Amino acid sequence: MPPFNFSSRTAFAAQPNRWALALEAAECPLTTLIETNPTRVGLSPQVELPPSPCYTPEAQGLRHIRQALAQALGRPELFEQLCLTSGSSEALGMIYKLLGDGGEEVVAGAPGYPLAETLAHFEGLRCTSFPLRMEEGAFRWDIPLLEGHIGPHTKAVLATSPQAPTGCCLLPEEVLALECFCARHGLALVVDQVFARECHSLAGHPWKCLTFILGGLSKWLGLPQHKLAWTWVLGPKPLVEEALRRWLWLADAYLCLSTPVQEAMPAWLPLAQAFQSRVEARCKNNHACLAKFAPPGVAWSLWPREAGWTALLRIPIEPDEESLSLALMEAGLAIWPGYFFEFPTKGFLVLSLLGEEVAFEEAVSHMVRVFEVLWK
């Protein structure tokens, strides 16, 4: 019998990395500084699903729900250009299906969330990391440098605002530069705004290139258990119309959307502002707590925060990020090494700011004591 060959797209590593193995093997409960699930830290609103006995699927999402969502997001006139999916990962997969054939590529800014590359791989595409320019306290797009990363098989540029995990938001001049760059090269622009608050939304920009902007209930309303995300399809009218036509074909083949979640959303939308205020207060307080433990002269430093749910620590390159994160795990603390997010240089740790304040301060105090031993 000839051997059976599975898809190369699912040729995952047989073993997890050292950090994941250590996390799995930890004998005592760890104090986690990597919690990003708002349902576990007292931030999510309490909501219920209504009964939904009648199922009338609409591939783009129920019309009256898209109207209500567009109104809540401040762009009621664009509801026809709003597409609903069961999550932002599904949305990104849909966009990859729309844009590229096997072997073509997207270019994603780094540091960033590695799931974008994994999802591209699932669709038979390559995802090339483009290193953002590191400035004092920020990571920015360098358009002349980006030129060198565009090839004949490039179909799209993927940006995130706020970036995960840096929290940096696209500056107005970066938005314009990326828009003009993509229009000039015939590329689509994908902007992941799942961590954005209303003040950061880019849906109202008059895009000159085909643009997809992503958001979702998981981060906007703190309801990751109720899977629903949205994508604005924007840009020149002919491109938008063709993209929406193809999107409907794809979405109709899957029909992943939950009707009860859609029907419940209008009642949930007024809860968003209070949730975002709670999250922002928690993140600001915990970032200030970190700053209190990082006076001038210590070996490590805290980077400024623009937005998002994470904080960056700049650390010496010795010991390396993985060794340091493993040493912290041995001391009972879980924290992410920077290389998970493809930072353009070594010497970063990433931690979540969502933890409850008292527990967070205790964990940070413990972390600092480990640092003091390492960098006497």
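Please read these numbers as outputs of a predicted model, since none were measured by experiment.

**Structural notes on the overall build of the protein chain**
Then comes step 1: Looking only at helices and strands, one finds 12 helices and 15 strands in the protein chain.
Then comes step 2: Computed over the C-alpha atoms, the radius of gyration of the protein chain is 21 Å, within 12% of the 21 Å expected from 2.2 N^0.38 for a compact globule of 376 residues.
Then comes step 3: Expressed as lengths along the three principal axes of its C-alpha atoms, the size of the protein chain is roughly 60 × 60 × 50 Å.
Then comes step 4: Taken over 376 residues, the protein chain has a buried fraction of 50%.
Then comes step 5: Approximately 17,800 Å² of the protein chain is accessible, and the part contributed by carbon and sulfur atoms is 57%.
Then comes step 6: Computed over 28 positive and 39 negative side-chain charges, the separation of the two mean positions in the protein chain equals 3 Å.

**Considerations on the packing of aromatic side chains**
Then comes step 1: Counted under the stated rule, the structure contains 15 aromatic pairs.
Then comes step 2: Relative to F343, the ring of F139 has its centre 5.6 Å away and its plane inclined at 70°; by these criteria the two rings are edge-to-face. Pair noted here: F139 is in strand β6 (residues 138-140) and F343 is in the loop between β14 (336-337) and β15 (348-352), with a separation of 204 residues, a long-range link.
Then comes step 3: Look at F343 and you get buried, because its relative accessible area is 10%.
Then comes step 4: Plain terms: the ring middles of F371 and W375 are 5.0 Å apart, the flat faces sit at 45° to each other, and that makes the pair tilted. A single burial state applies to F371 and to W375, both of which are buried.

**As for the pairing of strand β12 (residues 310-314)**
The two faces of a sheet get side chains in turn, since along a regular strand they alternate between them.
Then comes step 1: Most of β12 sits out of view: 4 of its 5 residues are buried.
Then comes step 2: Pairing of strand β11 (residues 301-302) with β12, which is carried by 2 bridges, proceeds in the antiparallel orientation. What sits directly across from S301, in β12, is R314.

**Digging into the sheet that holds strand β2 (residues 82-85)**
The pairing of strands in a sheet comes from backbone hydrogen bonds and takes either a parallel or an antiparallel form.
Then comes step 1: Strand order in the open sheet formed by 7 strands is β2-β10-β9-β8-β7-β3-β4, with mixed pairing between adjacent strands. The outermost strands of the open sheet, each flanked by one partner alone, are β2 and β4 (126-131). In this sheet, neighbouring strand axes are inclined to one another by 25° on average, regardless of whether the strands run parallel or antiparallel.
Then comes step 2: As paired strands, strand β3 (residues 105-110) and strand β7 (residues 154-160) are joined by 4 bridges and run parallel to one another. Note that in β7 the partner of E105 across the bridge is T154.
Then comes step 3: Packed onto the sheet, helix α6 (residues 172-185) meets β7 and β8 (188-192) and runs at close to 170° relative to β7.

**Observations concerning the sheet that holds β15**
Then comes step 1: Reading across the sheet, the 4 strands line up as β11-β12-β15-β14 and stay open at both edges, with antiparallel pairing between neighbours. Each edge of the sheet is formed by a strand with only one pairing partner; in this case those strands are β11 and β14.

**Re helix α2 (residues 63-72)**
Then comes step 1: Turning to α2, its buried residues are I65, R66, L69 and A70. Along the long axis of α2, the arc covered by the buried residues comes to 130°, so they all point the same way.
Then comes step 2: In this structure, the buried residues of α2 make contact with β2, β10 (229-234) and α9 (259-268).
Then comes step 3: With its phi angle positive at about 85°, G74 sits one or two positions after the end of α2.

**Some remarks on the nonpolar core**
Then comes step 1: One finds W141, L146, V157, L178, W230 and W232 to be the most contacted residues of the largest nonpolar core, which totals 59 residues.
Then comes step 2: Excluding residues that lie within four positions of it along the chain, L146 makes contacts with V107, F130, W141, L178 and F181.
Then comes step 3: Core analysis: the next-biggest nonpolar cluster, separate from the first, contains 32 residues, L290, F293, W300 and L302 among them.

**A closer look at the packing of helix α3 (residues 88-99) against helix α4 (residues 115-122)**
Then comes step 1: Across the interface, α3 lies against α4 with an axial gap of 9 Å and an inter-helix angle of 50°. With respect to α4, the axis of α3 lies oblique. Here α3 and α4 pass one another in a crossing that is right-handed. Counting all contacts with α3, which are made through S89, L92 and Y96, the residues of α4 involved are L115, A116, L119 and A120.
Then comes step 2: A class-by-class count of the residues in the contact of α3 with α4 yields 6 nonpolar, 1 polar and no charged.

Calculation notes
- Residues numbered from 1 in each chain as written.
- Predicted model: local features only at pLDDT ≥ 70, side-chain atom pairs only at ≥ 80, totals over all residues.
- Heavy atoms only, no water.
- Helix = DSSP H or I, 4+ residues; strand = E, 2+ residues; numbered from the N terminus.
- Rg over C-alpha atoms; globule rule 2.2 N^0.38 Å.
- Buried < 20%, exposed > 50% of the residue type's maximum accessible area, 1.4 Å probe, protein only.
- Areas by Shrake-Rupley, 256 points an atom, 1.4 Å probe, with all protein chains shown as cover.
- Lys, Arg positive; Asp, Glu negative; His and termini not counted.
- Charge placed at Lys NZ, Arg CZ, Asp CG, Glu CD.
- Phe/Tyr/Trp six-rings, centres within 6.5 Å; stacked < 30°, edge-to-face > 60°.
- Pairing = 2+ DSSP bridges.
- Axes fitted to C-alpha atoms, helices over the stretch in contact; angles between N-to-C directions.
- Contact = heavy atoms within 4.5 Å.
- Arc of directions from axis to C-beta.
- Core = buried A, V, L, I, M, F, W, Y, C linked by side-chain atoms within 4.5 Å.
- Parallel < 35°, antiparallel > 145°, perpendicular 65-115°, else oblique.
- Left-handed = near helix turned anticlockwise from the far one by under 90°.
- Nonpolar A, V, L, I, M, F, W, Y, C, P; charged D, E, K, R; others polar.

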